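Overview (structure and organization)
Here are the chains, one letter per residue:
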Amino acid sequence: MRTWSLTSDAPLSLRIAADVRLTTPSYTDDQIWELGLGGGDPPALSIETTYGLRARGMRIFPSFGWDDQSVTDPALYNASPAVQRFFPNYLRLALQPFPDLQVTAEYWIPDSHTLAGRLTLRNTSDRRRRARLRLHAVLKPAGDGSPMGGTTFEGVHALMGKTASLVPVIFLAGGASAEQAAHPALRVEADLEPGEGKAYPWAHVGLADPQASFDAARAIAAVSWDAAIARLELTNAGLVQVETGDPDWDAALAFSQKVALGAFVGPTARLPSPSFVLSRAPNRGYSAQGDGSDYGLGWDGQTAAHAYLSVQQILAAAPELAQGIIRNFLATQDAQGRVDWKPGLGGQRSGNLSAPLLATLAWRIYQHTEDHAFLQETFPRLLEFFEAWFDKTHDRDLDGHPEWDHTLQAAFDDWPAFVRWHTWGQGLDITKAETPDLAAYLYREARALTAMASVLQEPEPVERLQARMARLQEAMEAAWSDERACYHHLDRDLHTATPGLRLGEGKGEFVLEVKRTFDPPARILIRSRGTEGLSHAVQVFLHGRGRRGRGRVERLTERRFQWFWVFGTATSEKTYAELERIEVRGLSAEFETEIWAADYRREDQTCLLPLWAGIPDARRAEDLVRRALLDEKRFWRPFGIPCCSVQDPAYVPDNQGGAGGVWMFWNTLLGEALVAYGYLEEAADLVGRLIQATVHTLKRDHAFREAYNAEEPGGIGDRDHLWGVAPLGLFLEVLGVRLISPRKVVLRPRNPFPWPVTIRWRGLTLRWEEARAWVTFVDGQQVEVTGDGLQVVEQSAV
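Below, the structure is looked at part by part. (Residues numbered from 1 in each chain as written. Predicted model: local features only at pLDDT ≥ 70, side-chain atom pairs only at ≥ 80, totals over all residues. Heavy atoms only, no water.)

This brings us to the overall build of the chain. Along the chain, the regular secondary structure elements total 14 helices and 40 strands. In terms of overall size, the chain behaves like a compact globule, its C-alpha atoms giving a radius of gyration of 29 Å where 798 residues would be expected to give roughly 28 Å. When its C-alpha atoms are laid out on the principal axes, the chain stretches across 100 × 70 × 50 Å. Burial statistics for the chain: of 798 residues in total, 61% are counted as buried. Of the contacts made within the chain by residues no fewer than 6 positions apart, 66% connect residues no fewer than 24 positions apart. Taken as a whole, the chain presents about 29,000 Å² of accessible surface, with 47% of it coming from carbon and sulfur. (Helix = DSSP H or I, 4+ residues; strand = E, 2+ residues; numbered from the N terminus. Rg over C-alpha atoms; globule rule 2.2 N^0.38 Å. Buried < 20%, exposed > 50% of the residue type's maximum accessible area, 1.4 Å probe, protein only. Contact = heavy atoms within 4.5 Å. Areas by Shrake-Rupley, 256 points an atom, 1.4 Å probe, with all protein chains shown as cover.)

This part takes up the pairing of strand S10 (residues 114-123). The element S10 is largely enclosed, with a buried count of nine among its 10 residues. Pairing analysis gives nine bridges linking strand S9 (residues 101-111) to S10, with the strands arranged antiparallel. Counterpart to Glu106 in the pairing with S10 is Arg118. Once S9 ends, the chain turns through two residues before running back antiparallel as S10. Bridge count between S10 and strand S17 (residues 197-207): nine bridges; the pairing is antiparallel. Paired with Leu119 across the two strands is Tyr200, which belongs to S17. (Pairing = 2+ DSSP bridges.)

Relative to the assigned elements, Asp648 resides in the loop between helix H11 (618-629) and helix H12 (664-676). Side-chain polar atoms of Asp648 contact the side chain of Arg602, separated by 2.7 Å. Apart from the residues lying within four places of it in its own chain, the contact partners of Asp648 are Pro416, Arg602 and Glu603. (Polar contact = N/O pair within 3.5 Å; in protein donor to acceptor, adjacent residues only side chain to side chain.)

Here we come to the state of the cysteines. On inspection of all chains with the given rule, the structure shows zero disulfides. In this structure Cys607 is not part of a disulfide, and its nearest cysteine sulfur, from Cys486, lies 4.9 Å away. Summary of cysteine pairing: Cys644 is not part of a disulfide, and the nearest cysteine sulfur, belonging to Cys643, is at 4.8 Å. With a relative accessible area of 0%, Cys644 lands in the buried category. (Disulfide = S-S within 2.5 Å.)

All right, on to the sheet that holds strand S12 (residues 146-153) then. Pairing within the open sheet is antiparallel, and its nine strands lie in the order S1-S7-S8-S9-S10-S17-S14-S13-S12. Two strands lie at the open edges of the sheet, namely strand S1 (4-5) and S12, each paired on one side alone. Bridge count between strand S13 (residues 156-162) and strand S14 (residues 167-172): two bridges; the pairing is antiparallel. By the bridge assignment for S14, Met160 is matched with Val169.

Turning to the side chain of Asp399, a few remarks are in order. Take Asp399: it is sitting in the loop between helix H7 (372-388) and strand S21 (433-434). Exposure remark for Asp399: the relative accessible area of 14% places this residue in the buried category. A distance of 3.0 Å separates a polar atom in the side chain of Asp399 from the backbone nitrogen of His401. Leaving out residues up to four positions away in the same chain, Asp399 has contacts with Glu434, Arg471 and His495.

With that settled, the discussion passes to the sheet that holds strand S34 (residues 737-741). Think of a sheet as strands paired side by side through backbone hydrogen bonds, with each pair either parallel or antiparallel. In spatial order, the strands read S34-S35-S40; together these three strands make up an open sheet with antiparallel pairing. Either end of the sheet is taken by a strand with one partner, and the two such strands are S34 and strand S40 (791-794). Each neighbouring strand pair of the sheet contributes to a mean axis angle of 15 degrees, computed without reference to strand direction. (Axes fitted to C-alpha atoms, helices over the stretch in contact; angles between N-to-C directions.)

Further remarks concern the packing of aromatic side chains. This structure, assessed with the given rule, holds 37 aromatic pairs. Relative to Tyr51, the ring of Trp33 has its centre 6.2 Å away and its plane inclined at 85 degrees; by these criteria the two rings are edge-to-face. Placement of Trp33 in strand S3 (residues 33-37) and of Tyr51 in the loop between strand S4 (45-49) and strand S5 (55-66) is noted, with a sequence separation of 18 residues between them. Exposure remark for Trp33: the relative accessible area of 1% places this residue in the buried category. Both rings, one in Trp249 and one in Trp755, keep their centres 5.0 Å apart while their planes meet at 85 degrees; by these two values the pair is edge-to-face. (Phe/Tyr/Trp six-rings, centres within 6.5 Å; stacked < 30°, edge-to-face > 60°.)

Right, let's get into the packing of helix H6 (residues 358-369) against H7. Two numbers describe how H6 lies on H7: the axes approach to 10 Å, and their chain directions differ by 170 degrees. Compared by their axis directions, H6 and H7 come out roughly antiparallel. Across the interface between the two elements, Leu358, Ala359, Ala362, Trp363, Ile365 and Tyr366 from H6 touch His372, Phe374, Leu375, Thr378, Leu382 and Phe385 from H7. Broken down by class, the residue content of the contact of H6 with H7 amounts to 10 nonpolar, two polar and no charged. (Parallel < 35°, antiparallel > 145°, perpendicular 65-115°, else oblique. Nonpolar A, V, L, I, M, F, W, Y, C, P; charged D, E, K, R; others polar.)

Moving on to the pairing of strand S39 (residues 782-785). Consecutive residues of a regular strand have side chains that alternate between opposite faces of the sheet. Here strand S38 (residues 773-776) pairs with S39 via four bridges, running antiparallel. Its bridge partner being in S39, Ala773 is matched across the sheet by Val785. Joining the antiparallel neighbours S38 and S39 is a turn of five residues, in which Gly780 adopts a positive phi near 95 degrees.

As enumerated under the stated definition, the model contains 63 salt bridges in all. Note that Arg280 and Asp30 form a salt bridge whose closest N and O atoms lie 2.7 Å from each other. Pair noted here: Arg280 is in the loop between strand S20 (275-276) and helix H4 (304-314) and Asp30 is in the loop between strand S2 (15-16) and S3, with a separation of 250 residues, a long-range link. Close ionic contact of Arg364 with Glu672 constitutes a salt bridge, the shortest N to O distance being 3.0 Å. Pair noted here: Arg364 is in helix H6 and Glu672 is in helix H12, with a separation of 308 residues, a long-range link. (Salt bridge = Lys/Arg side-chain N within 4 Å of Asp/Glu carboxyl O.)

What follows covers helix H1 (residues 210-221). Here H1 is 12 residues long and its end C-alpha atoms lie 17 Å apart, about the 16 Å a rise of 1.5 Å per residue gives. Looking at H1, one finds that the buried residues are Ser213, Phe214, Ala217, Ile220 and Ala221. Seen along its axis, H1 keeps its buried residues to an arc of 140 degrees; they face one direction. Against S9, S10, S12, S13, S14 and S17 lie the buried residues of H1. (Expected span 1.5 Å × (residues − 1). Arc of directions from axis to C-beta.)

It is worth spelling out the packing of H4 against helix H5 (residues 319-330) at this point. Packing of H4 against H5 brings their axes to within 9 Å, and their N-to-C directions diverge by 165 degrees. Taken together, the axes of H4 and H5 are roughly antiparallel relative to one another. H4 and H5 meet at a crossing whose hand is left-handed. Residue-level contacts link Ala304, Ala307, Ser310, Val311 and Ile314 of H4 to Pro319, Leu321, Ala322, Ile325 and Phe329 of H5. (Left-handed = near helix turned anticlockwise from the far one by under 90°.)

See below:
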C-alpha cells in the first residue's frame, strides 16, 4: 500500500468534509476540517476547523503515554506520520509515537455536524506495556463563548464548549475520564499484551443544544467502523487509481478527485441536485442569514466554466453528480430558453445568460455513460438554450456571431483587453467586441447538439445547426491573422481587428485636437483616473466622421462610464474614420484622462480557442500550434499556458499587478485541442507542466491553488480551489481512455507519456506500454490492444 509521509516533501491535500454521495451536506451549516501538521500551541497532530468562522479556532489532537514516557509533538515521534488512505470525507494515518507503539488514526465525517475518529493502539514489543491516550480539545470561541472543559452527561465524561450558536461536545469511548488543564482532555488507559491492539472510537458533534450534541456524539462513536469503512470503500470504487512512473503525479491525480468530489453540497429546495462550491474550507460553510444568500464568491453558485472542470474530475467516480450539474442549470431555464449564468443552492440567480458550454458537457457525459435517457431529457432544452444566444440581446448586430455581456460571463475576470477594474487593463467594453472564445464555444455546442440529434434520430435541427456553424466559421476566418498565426478579437461593427493607438491625454477639463483619419475606422476608448473621494460628472464629446463620411458629435455621459474606485472607462458607441477633436468636461484638475483608439489585437488564451472547437483546417491548425501556441516567447511557458501572451504589456506570470497566471480551464481546453489535432506528445508535455505546478503547491502548501505561476513553481489564489486541481480529465484524454462501465472501455493503444501507465477502476485494470495496451476485466479476461486511433474494448460473454 502506498503511503505519504506527513513531515516530508509529500504532495498532500488534507481537508475532509461530508460526502454528498453518502449524506446531504448542509449548504448553510457545513463544518469542514483540515489536518494540521504539528503547528499550534502545543505542537500536535491536530484536526482543525473554525465552524465557518463561528470560532477563532478549534483543534482536536491526541497525546500518547507509553509506560513512563509521553509525547504530543509529531516531530518527536519515532517515525514520521504517514497518510495510508483517503477519501473526500475520510483520512487514515499511520503513527509511531514510540518504537514499539503503533497507532492507526482515522478521521471520518459522516455528516455536516459530526467528526468521528478512531485511534487504534498496538503493542509491538515482546512484553506487556501500559498505554495512555489523551484526546485534547482546544477551542478559541467567538464572542462570549466558553472554551472546552470537562463535563458529564448522565454520569459519562465528555468535553464541552460554546462558540456562537454552537455547543461542541466530544465523547471518547472506553470509560474515559476528563482532565482539566491548559489543554483539556479525555483520558483512557490500558495494559496491552505483546501484539495486542485496542481501538478507541471518539466523536465530536457541534449542534446548538448540549444534550443533542452529546447524544449524537455517543451514537456515532458506537457505530460499526468496519461496516462504515466498507461502505466508504464501495462508494469510492469509481475513483480512478493512476500509476505512472512518477509517484508525485499519482498523488496529485488522486487528491484532485478527493477535492473535486468533496466540493459538492446540497441539494436544496432551490436547486434539484447537489452543486459544487469552489473551495470547501474550514472558514466557509456557515450562512448567518440561514439560506446562503449572504455567501460571497466561491459559494454563491455554479458557472459553466467551473462546471467544465468539475465534470472532468468526477465523471468516472460519480456520473450522477455530473448529470446533476446540467439539471441544475436547466432548472433555471425560462420561456425564452435562457439559462442563468450562476445558479446557486441558496436561490442565487445572476440574471445573465450562461456561457454556452452546457451541450458540450452533456455530450461528454453521454460519451462516458451512454445514458440515452439523459440525452433525451436534456437535448430539447439545450437546443433552446443554444438558440437564446442568437437573439438581439446577445447578438447585437444579428450577424450570427454574438457578443459577451461581461468579462465575468466569459470566466475571464482579468482579461487584459477588456477588464475595467484594473488600471493595467485596457478597459474596452466587451459588448463592442466579437471574441474568438465565444465563437468557439458556440461552434462546439452546435457540434455537440448535432451529435445528440444523430443519436436521438432527430434530424430536424441539424440544418439550422450547420448554418450556425458555417457563419461562426466565416467570422473566425475574418479574425485570423496570417502574420501572427493567431485569431484576434473583432470590432463588433467593423468585423476587423483594429490596432491600438494612444491619441493623447489631459487633466481635468480639456479639449484635445486630434485631427486624424483611421483606415480601418477606430473605436474610441476613454480612461480617466483621479484620487479617492473626488466626485465626477464626466461628459466627453467626440467630434468626427463615420465610415460613410457623415459628420457627428457623440456624447459619452457619466452613465456610459464604469467607475471602480478612482478609475473609470468608457467606449464609444460609434466608430470613426476621422476624429477631429475631443472635449472632456465635468472633471476636476486632479483627474488625468487618456484617449485611445481601441486595440483589438491583444493576444490572450481565448484567441487560441477556435482550435479547441475544431474550426481551423489541418494546415491552419499546424500554423497556430507551431507558431503561436508552442512559441516560448508567446504562450508555451514552463508551468503551462498563461492567460495572455508574454508579449502583452499586462503580462505578469504570478498575476500580481497584471495578468499571466496559468488557469486549468483554458489549459484543459487547449490540451484537448492538441489531442484532437493529433499533437499527442505536445499535449502530454502540457499535462506534465500543469501537474508539476500542482505537485509543488501540494508539497509546499498541502493544497492545490486556484491558479499557478507561469514561470516558476508557485500557486495563486485560494487553497484547494476547484479550478486548480490536477487535470485528471485532460490526463485521461491525452492517454485516450474513456471509462464507460466495468465491461466496456474506449482507449487508444499509443501512450505519449514517457513511462508505462496503469489505471484501476471498478475492478478493471488497464495498462499501457509505448504502443500497445492491455485491458483486464473483473473476471480475469485480458485483451491486448494494438493499432492506431480510439478502439472499443468490451468484455466478451462467457
